[in-house]
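# Remarks on the overall topology
Listed below are the residues making up each chain.
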Amino acid sequence: MNRLPHILTAGLLALLAGHAAAGEALPQPQRVFSERNGGAAAAVKLAAMRYAAFWNTGDPSYAELALDPDFIDRTLPAGRRQGVAGPLQASNAFRAAVPDLKVEVTDMILAGDRVSLRLHFTGHFTGKFGDAQGAGQAVDFQAFDLYRVKNGRIAENWHLEDNLTLLKQLGVVKP
């Protein structure tokens, strides 16, 4: 008896179940601007939404689904590792300071293999950031990301965060 069709079917069902579970927590953008629709645009959007879900939840499985194994951060901050390990490192460190971190995708612009997002981060500084201990103060800042998507995964990322606002809210930089 040939078991290959059964193995393939079971594998496909497991893959689809994983995608369905991942799809449940994907944040949805408030506004989407796109020059086209269809499969290619949907794949670019899905990669971006999976990465947003990673930042929204801290769940590394979303980053692993969203990021190409050869992912390159083109605006790599000092001290952050290159590749998929970098965002995982950054998320862990930031969630230690702001455990209830949430992200909202305010705007999304799709163009070819690129997607740009305006992100709104909120939460409360209850943990530790460097030498600073949080006292529950609100965190509310924005970021802009540009991704190049290849084969349904983010291959490159350029990002800019409003770190001055964030550091003031954390009390690390005095106004």
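Our structure is the block above this text.
The structure presented is a predicted model; accordingly, all values stated were derived computationally and were not measured.

### Observations regarding the overall build of the protein
Scanning the protein from terminus to terminus reveals five helices and eight strands. By residue count, 36% of the 175 residues in the protein fall in the buried class. Of the accessible surface of the protein, which amounts to about 9,500 Å², a share of 59% is contributed by carbon and sulfur atoms.

### Some words on helix 2 (residues 39-57)
Along an α-helix, a turn takes 3.6 residues, which lines up residues three or four apart on a common side. With 19 residues, helix 2 ought to run about 27 Å at 1.5 Å a step, and its terminal C-alpha atoms sit 26 Å apart, in line with that. Where helix 2 is concerned, the buried positions are A41, V44, A47, A48, M49, R50, Y51, A52, A53, F54, W55 and N56. Positioned one or two residues after helix 2, G58 has a phi angle of 80 degrees, which is positive.

### What about the packing of helix 2 against helix 4 (residues 85-97)?
It is at 9 Å that the axes of helix 2 and helix 4 come closest, and there the two elements cross at 30 degrees. When the interaxial angle is binned, helix 2 and helix 4 end up roughly parallel. Within the contact between the two elements, helix 2 uses Y51, F54, W55, N56 and T57 and helix 4 uses P87, L88, A90, S91 and R95. Residues belonging to the contact of helix 2 with helix 4 are distributed by class as follows: six nonpolar, three polar and one charged.

### A word on the side chain of H159
Relative to the assigned elements, H159 resides in strand 8 (residues 153-161). Among the polar contacts listed, one links the side chain of H159 to the side chain of E161, at a separation of 2.7 Å. Non-local contacts of H159, meaning those with residues more than four positions away in its chain, are made with D73, T75, P77, R80, F144 and D145.

### Notes on unusual backbone geometry
Positive phi, normally seen in glycine, also occurs at N151, with a value near 55 degrees. Tracing the backbone through its elements, the reader meets N151 in the loop between strand 7 (137-150) and strand 8. Taking the relative accessible area as the measure of exposure, N151 reaches 75% and is therefore exposed.

### Some thoughts on the sheet that holds strand 4 (residues 114-125)
What the six strands build is an open sheet, ordered 1-3-4-7-8-2; its pairing is mixed. Pairing within the sheet leaves two strands with one partner each, and these edge strands are strand 1 (31-34) and strand 2 (67-73). In this sheet, adjacent strand axes meet at a mean angle of 25 degrees when their direction is disregarded. In this sheet, strand 8 lies alongside strand 2 in parallel orientation, the contact comprising three bridges. The residue of strand 8 that forms the bridge with L67 is I154. Of the strands in this sheet, strand 4, strand 7 and strand 8 touch helix 5 (residues 163-170), which is tilted by about 150 degrees from strand 7.

Cut-offs and rules
Residues numbered from 1 in each chain as written. Predicted model: local features only at pLDDT ≥ 70, side-chain atom pairs only at ≥ 80, totals over all residues. Heavy atoms only, no water. Helix = DSSP H or I, 4+ residues; strand = E, 2+ residues; numbered from the N terminus. Buried < 20%, exposed > 50% of the residue type's maximum accessible area, 1.4 Å probe, protein only. Areas by Shrake-Rupley, 256 points an atom, 1.4 Å probe, with all protein chains shown as cover. Expected span 1.5 Å × (residues − 1). Axes fitted to C-alpha atoms, helices over the stretch in contact; angles between N-to-C directions. Parallel < 35°, antiparallel > 145°, perpendicular 65-115°, else oblique. Contact = heavy atoms within 4.5 Å. Nonpolar A, V, L, I, M, F, W, Y, C, P; charged D, E, K, R; others polar. Polar contact = N/O pair within 3.5 Å; in protein donor to acceptor, adjacent residues only side chain to side chain. Pairing = 2+ DSSP bridges.

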